[in-house]
Amino acid sequence: TSRPRWQRFIVYLAGPIFNGILAIAVFTGLFMIGYGVDAVLRDRPVIGVVQPSSPAEAAGLQAGDEILTIDGAPKKDWEDALVAIAIRPDRAIQLRVRRGTEEKDFTVRSTVVAQGAGQIGVSPLVRVGQVVPGAPAERAGLKADDGILTVAGKPVTSFGDIPALLTAQAGGPVAIRLLRGGTPVDVSVTPENGRIGITNK
């Protein structure tokens, strides 16, 4: 406070100015090197898992349902759908979904999770990115873009669930339920060294 007014004014400005410079530098760096975005957020909002005892299960939603609209607004991908649900905590939400060749309407009462966001208890469909040539998955008939609903009867909420579900089986074939073109397909795959030869990219 003993400094001249013009020096104090410069000090006051220094903080906001350098905050702006730091923000520009960080975003420029991210733009130059790139950063990861979960690809599932850009996928169509097809439900892969309906959590037990969740609002979605109570309303009658099923794995394989594709969310078309939420409260009348179209949803083109999972990011749109999840944001629309998150901003509607503890509310009755009107969902229109596509199930097979039919469109159905459901009313789902959302619950409140961390930071006051809404949720209804659904997870995105986990899809196969690539099938390794000659691997057990290819021999069993798995194809790129297949959705994986269950492995050994257990629901798959992320691609990272699959290795643990495979290794939990004591050798021999493993039953996998897929979603292909909106239709459930059951296949049997025998892992080799705990792997079946699929990737999520």
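Our structure is the block above this text.
Below, the structure is looked at part by part.

### Points about the environment of Ser-53
Reasoning step 1: Within the element layout of this structure, Ser-53 appears in the loop between strand E1 (47–50) and helix H2 (55–59).
Reasoning step 2: Taking the C-alpha atoms as reference, Ser-53 lies 8.5 Å from Gly-121; in sequence the two are 68 residues apart.

### Here's the deal with a nonpolar patch on the surface
Reasoning step 1: On the surface, Phe-9, Leu-13, Ile-17, Phe-18 and Ile-21 cluster together into a nonpolar patch covering about 510 Å² of accessible area.
Reasoning step 2: With respect to the secondary-structure elements, Ile-17 resides in helix H1 (residues 5–33).
Reasoning step 3: Using a relative accessible area of 46% as the deciding quantity, one classes Ile-17 as partly exposed.

### What to know about the environment of Arg-177
Reasoning step 1: Residue position: Arg-177 is located in strand E13 (residues 174–180).
Reasoning step 2: With 102 residues separating them in the primary sequence, Arg-177 and Lys-75 have C-alpha atoms 26 Å apart.
Reasoning step 3: In this view, Arg-177 contacts Gly-147, Ile-148, Leu-149, Thr-150, Pro-184, Val-185 and Asp-186; residues no more than four positions away in its chain are not counted.

### Details of the layout of surface pockets
Reasoning step 1: Its volume calculated, the largest pocket comes out at about 460 Å³.
Reasoning step 2: Contributing to the lining of the largest pocket are 26 residues, with Val-46, Gly-64, Asp-65, Leu-179 and Gly-182 lying nearest its centre.
Reasoning step 3: Contributing elements (two or more residues each) for the lining of the largest pocket: E1, strand E4 (92–99), strand E11 (147–151) and E13.
Reasoning step 4: Split into classes, the residues belonging to the lining of the largest pocket amount to nine nonpolar, seven polar and ten charged.

So, how was this worked out
- Residues numbered from 1 in each chain as written.
- Predicted model: local features only at pLDDT ≥ 70, side-chain atom pairs only at ≥ 80, totals over all residues.
- Heavy atoms only, no water.
- Helix = DSSP H or I, 4+ residues; strand = E, 2+ residues; numbered from the N terminus.
- Patch = residues over 30% accessible without salt bridge, like charges linked within 9 Å, V, L, I, M, F, W, Y side chains within 5 Å.
- Areas by Shrake-Rupley, 256 points an atom, 1.4 Å probe, with all protein chains shown as cover.
- Salt bridge = Lys/Arg side-chain N within 4 Å of Asp/Glu carboxyl O.
- Buried < 20%, exposed > 50% of the residue type's maximum accessible area, 1.4 Å probe, protein only.
- Contact = heavy atoms within 4.5 Å.
- 1 Å grid on protein atoms, 1.4 Å probe; cavity = no way out; pocket = protein on both sides within 12 Å on 5 of 7 lines; lining within 4 Å.
- Points joined across faces, edges and corners; volume = space filled by probe spheres on them.
- Nonpolar A, V, L, I, M, F, W, Y, C, P; charged D, E, K, R; others polar.

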